[in-house]
Amino acid sequence: MGLDLTIAERVARARSDLRIGAVAVLRGPGGAALVLAAEGVTPDRLSALRSLGTPELAITSWRAETLHAPAYDDDLARMLVPGDADCGWIRSVADPARDLDYPMKGPFQVLRGGDAALHRTAIALCKEARLLPAALVLPHADAEALARAHDLTVLDLAQHALVPFGLREVAAARVPLGVSKLGRVRVFRPADGSEEHYAVEIGSPARPGPVLARLHSACFTGDVIGSLKCDCGPQLAAALDRIATAGAGILLYLNQEGRGIGLANKMRAYALQDQGFDTVEANHRLGFEDDERDFRIGAEMLKAMGVTSVRLMTNNPAKVARMEGQGVRVVERVALKAGHTPENAHYLATKARKSGHLL
């Protein structure tokens, strides 16, 4: 390999470039394209992009639906950026929180026909970067002017999505807990340098199992500041208490805030909920799926700790299926009901009705 970047490192670089508002380069069967995240575009970069051609704005079909724009590519829509459109217009198309400030955005010139693979990959990269799923794409660009180290093909990202995360334990220490003095925290880091994930181990769970386990997705609002909008904080406390009572078990704390869309987008979803949309509808209006989390991470962590069989604390049957699909046998689903309040009643009802949670 020498000094060349691996695919994972190139994906990480492209993701980081988009997060800082820099241009990324994508290559596909139809040629090359320059890509900018819609929410990070600046006047200078928009001007530079226009000097090379007419940029196109790629948004998901969910967002296109709220804008009454046809999604000719099924899962996304490609629209030409008008010559007089500024960065504010671009962000208003990407971000539904700006709909009231920019009510008149159309009519849109939506493209149909041709290959949308580069646009689809650009949106996928924005999602990985925890940005709004909308990207400025300049196809058929003279990308040779940029360093080849920035190149990323559609195939690269597709392959990256299929390979293991390469999680490795980078640190571990004893952490006495309120529920048990036999606590230990293990920190796992993906090979691409993205968010770290944590395993809270209590006692000495027998390997290979079945181990009493919980996959808990990070929730700053519920876990840290005691938000009443969800049941996450009480579920976290109840899971740790149940593991301590049993004498042994593992809680995985996965940094997939807001069902995998990140805290900033979660707050955008909360703002939409204040307008009357439920949690699923808010995600869709932002351009996301109901749940963008990747539970392969949890399966990798368990297997890295020698655990291949669990008694899984969850109310989500889909989580059971995903663990089984990744080679971790779920011998029992253990219900975990906690934190039901008047403030989160609608949220929990939506989880049951639309996401199949057994509440």
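What counts, and at which threshold
Residues numbered from 1 in each chain as written. Predicted model: local features only at pLDDT ≥ 70, side-chain atom pairs only at ≥ 80, totals over all residues. Heavy atoms only, no water. UniProt positions renumbered as here; feature names shortened; annotations may be inferred. Helix = DSSP H or I, 4+ residues; strand = E, 2+ residues; numbered from the N terminus. Contact = heavy atoms within 4.5 Å. Polar contact = N/O pair within 3.5 Å; in protein donor to acceptor, adjacent residues only side chain to side chain. Expected span 1.5 Å × (residues − 1). Buried < 20%, exposed > 50% of the residue type's maximum accessible area, 1.4 Å probe, protein only.

- An unreviewed UniProt entry lists the chain under the name GTP cyclohydrolase-2, from Halovulum dunhuangense.
- The Function (unreviewed entry) comment attached to the chain in UniProt states, word for word, "Catalyzes the conversion of GTP to 2,5-diamino-6-ribosylamino-4(3H)-pyrimidinone 5'-phosphate (DARP), formate and pyrophosphate."

1. Here's the deal with the UniProt feature "active site" (unreviewed entry) in the chain
Moving on, step 1. With numbering matched to this structure, UniProt assigns "active site" (unreviewed entry) to Asp 291 and Arg 293.
Moving on, step 2. Relative to the assigned elements, Asp 291 resides in the loop between helix 11 (279-286) and helix 12 (296-304).
Moving on, step 3. Not counting residues within four places of it along the chain, the set of residues in contact with Asp 291 comprises Arg 259 and Arg 322.
Moving on, step 4. On the secondary structure map, Arg 293 appears in the loop between helix 11 and helix 12.
Moving on, step 5. Excluding anything up to four places from it in sequence, Arg 293 contacts Ser 217, Gln 256, Arg 259, Gly 260, Asn 316 and Arg 322.
Moving on, step 6. In this structure the side chain of Arg 293 is engaged in a polar contact, spanning 3.0 Å, whose partner is the side chain of Ser 217.

2. Description of helix 8 (residues 232-246)
Moving on, step 1. The end-to-end C-alpha separation of helix 8 is 21 Å, in line with the 21 Å expected for 15 residues at 1.5 Å each.
Moving on, step 2. All of the buried residues in helix 8 are Cys 232, Gly 233, Gln 235, Leu 236, Ala 239, Leu 240, Ile 243 and Ala 244.
Moving on, step 3. Count one or two residues on from helix 8 and you reach Gly 247, which has phi positive near 100 degrees.

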